[in-house]
Structures are given as C-alpha cells and as structure tokens.
Amino acid sequence: MNLKKEYLSLTGDTEDLQILHHDEKFAELALIFPNVNSILIPKKLETNLKKYVSKELLKAIDPDINVAVEKCLVLVSNLASTYYTDDRWKRLNSKILHEQTKNKDNTFIYSKIIEVLKEGTSTGTMLEVDEHYAKGRDSRKYKLPDSYFKPGLNEYFIKNSGIIQTRNRIYYRLINEANENLICNNLLKIYQRIELPTSKELLAIGKKLVKENYTTKKGKILTMRNKHIDSYWKDADNRSFVENNIEIFEYLTNRGFMIPSAGDERSGGRVVDSFTKARRM
C-alpha cells in the first residue's frame, strides 16, 4: 500500500505546508501551495458539531471542545474531493487518519471521531461508513450524507497550533519526497512559471467546443449545463458538462497545486499532480 499516494488523495489535493521563510527554495514554493491550515469542509458541518453534538462525546476526542471539533473537520475534509466525482464513496486509510488526528502521546483518536460523526445529531448522521473491507488490504469506505453533500463546500482555516504542526510535518515530508524524484522535482520548478486561464476564459473555450460537437477521450459529449439538472438529459451519463469541468479545475488549482507524487511499481511510477488528476476526475 502506497501511503504517500494516499496522503495526497486524502487531503483534498490542494493543501500544503507552512513554509520555512528563511529557506529560499521553500519560500518560492509558498507562492504555489496554500497554507496547511486551509481545508475544505461541508458548509453546515462546523455549526452542527458545535451546536448539536453532545459535549461529552466531543470531550472524548479532546478535553478542549474547539480542538475536538477541528479534528472532526480534518477527518471529514478527506472527503472533499468526492464532491467532484461520480463515486461518492472513498477509502480512508486508518494509518493516515491516525497521523492526522493523534495527540502528542500518539493516542488513537480517529475511531472516536468516526463514532461521533456516525452518531451525528438528532436530524441524522454526519458520516456514512461501509464496514465491508479486507483488513490489511483494503481500507474502510466513507461517504458524506446527502444533507451535508448537496449544500457544497466552504474553506475553513484550522486554528489549533497542534493540528497545524501535525499537518506541517506531513506536508514537509511530502515536499521532500517530491524533491527526491526527478519528474516531481521538475514539476515543482515548472509550477512557478505556469499561468492558468481564468474561469471566464475556460467557459468561452467550453462553449466553442460544444458548438463543434466535441467529445471527450471517454466518448462523452461535451455539454453546457446552463443550470439544468442531470435529469434534463436522458443520456446524462454520456455527457461531460463544461460547468462541472470548470468546477473541478478550480478545486484542483484555485487554492494552489497539489504536491506531485510518484506512484509505486504497480502504477509504473506514474506521477500524479493537479493536472493529471483533473483529467482523471
């Protein structure tokens, strides 16, 4: 199991470390990657955790309720990418969840967080869990309920210094690993010279391609959604919507690029970054 690759897929793909500003090379990268304290979460989640979840349950996660809430938000932020994918279920590796949420004494907290989120509030659960998995081979799958999925995502800035320090260590390690790979290292250098098109420019290009009856590599017909829902088209599954594609592009690039990562031998060492991932979503 390639934990390095899974770290990147769990973080929303756009977050990164707080840079050591005395290091010129990493200071330059600060212009490319946003701060590690930035995560994407469902819009109603923070409010509901603070107002409607039992304080005793939250204190089982951390004596400081504000810290407990933020650890819940960190765990759920791993599912932000499912807002842009057809399959809303996502496997979350327990080792990574532990590292993201553990205390200084290395206490396992993530299982308590999952129980709190599963119990949710009087109006329903905050997290759905598929318990069918193979121990030691496949991780459990998780999904946001419709009530939290449909309203969309908000950017949230973590306040607790302990959580931020933990995330710093993870992302600093990922940057160092990227620097050790020739392709990833070159990508880090190239990112500083990339000028991306605006959403307005992408929309104009999309409209032009629609008029030309463009189809994607997967054989889907490029289509302008124009505020219609999927059921407006009988063959919606065979269509790729311009507005959806722009949303994915913004998700993967607006807050900075993901750290490029090389896969293991099973993937042939294939490098994944914000641009290759956009083509796969």
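Residues numbered from 1 in each chain as written. Predicted model: local features only at pLDDT ≥ 70, side-chain atom pairs only at ≥ 80, totals over all residues. Heavy atoms only, no water.

Things to note about the environment of L153
Piece 1. On the secondary structure map, L153 appears in strand β5 (residues 153–157).
Piece 2. Spatially, the C-alpha atom of L153 lies 4.5 Å from that of P42, the residues being 111 residues apart in sequence.
Piece 3. Excluding its chain neighbours within four sequence positions, the residues that come into contact with L153 are L40, I41, P42, K43, A80, Y83 and Y84. (Helix = DSSP H or I, 4+ residues; strand = E, 2+ residues; numbered from the N terminus. Contact = heavy atoms within 4.5 Å.)

Details of the packing of aromatic side chains
For any pair of aromatic rings, geometry is given as the distance between the ring centres together with the angle between the planes.
Piece 1. Per the stated rule, a full pass over the model turns up 5 aromatic pairs.
Piece 2. Put simply, the rings of Y83, Y84 and F149 pair up and form one aromatic cluster.
Piece 3. Lying across the ring of Y148, K44 places its NZ or CZ 5.5 Å from the centre.
Piece 4. The ring of F149 is capped by R88, whose NZ or CZ atom sits 3.9 Å from the centre of that ring. (Phe/Tyr/Trp six-rings, centres within 6.5 Å; stacked < 30°, edge-to-face > 60°. Lys NZ or Arg CZ within 6 Å of the ring centre and 35° of its normal.)

Some remarks on the environment of R167
Piece 1. Summarising the element assignment, R167 is placed in helix α9 (residues 161–180).
Piece 2. Residues R167 and N37 lie 130 residues apart in sequence; the distance between their C-alpha atoms is 7.9 Å.

Notes on the pairing of strand β1 (residues 38–42)
Piece 1. When you tally the buried positions in β1, you get 5 out of 5 residues, the bulk of the element.
Piece 2. The pairing of β1 with β5 spans 5 bridges and is classified as antiparallel. Looking at the pairing, L40 lines up with E155 of β5. (Buried < 20%, exposed > 50% of the residue type's maximum accessible area, 1.4 Å probe, protein only. Pairing = 2+ DSSP bridges.)

Points about helix α11 (residues 199–211)
Piece 1. Taking 1.5 Å per residue, 13 residues should reach 18 Å; α11 reaches 18 Å between its end C-alpha atoms and fits that length.
Piece 2. Looking one or two residues past α11, N213 carries a phi angle of roughly 60°, positive in sign. (Expected span 1.5 Å × (residues − 1).)

Some points on the packing of α9 against helix α10 (residues 182–191)
Piece 1. Between α9 and α10, the shortest axis-to-axis distance is 5 Å and the interhelical angle comes to 110°. Compared by their axis directions, α9 and α10 come out roughly perpendicular. For the pair α9 and α10, the contacting residues are A178, N179 and E180 in the first and L182, C184, N185 and L188 in the second.
Piece 2. Split by residue class, the contact of α9 with α10 holds 4 nonpolar, 2 polar and 1 charged. (Axes fitted to C-alpha atoms, helices over the stretch in contact; angles between N-to-C directions. Parallel < 35°, antiparallel > 145°, perpendicular 65-115°, else oblique. Nonpolar A, V, L, I, M, F, W, Y, C, P; charged D, E, K, R; others polar.)

Let's talk about the environment of K143
Piece 1. Inspection of the secondary structure puts K143 in strand β4 (residues 141–143).
Piece 2. Taking the C-alpha atoms as reference points, K143 and E128, 15 residues apart in sequence, are found 5.1 Å from one another.

Some words on the sheet that holds strand β2 (residues 90–91)
Piece 1. On the basis of which strands lie adjacent, the open sheet formed by 3 strands has the order β2-β4-β3 and antiparallel pairing. In the strand order of this sheet, the two ends are held by β2 and β3 (128–130), each with one partner.
Piece 2. Where β3 and β4 come together, 3 bridges link them in antiparallel fashion. Residue V129 lies in a different strand from β4, and its bridge partner there is Y142.

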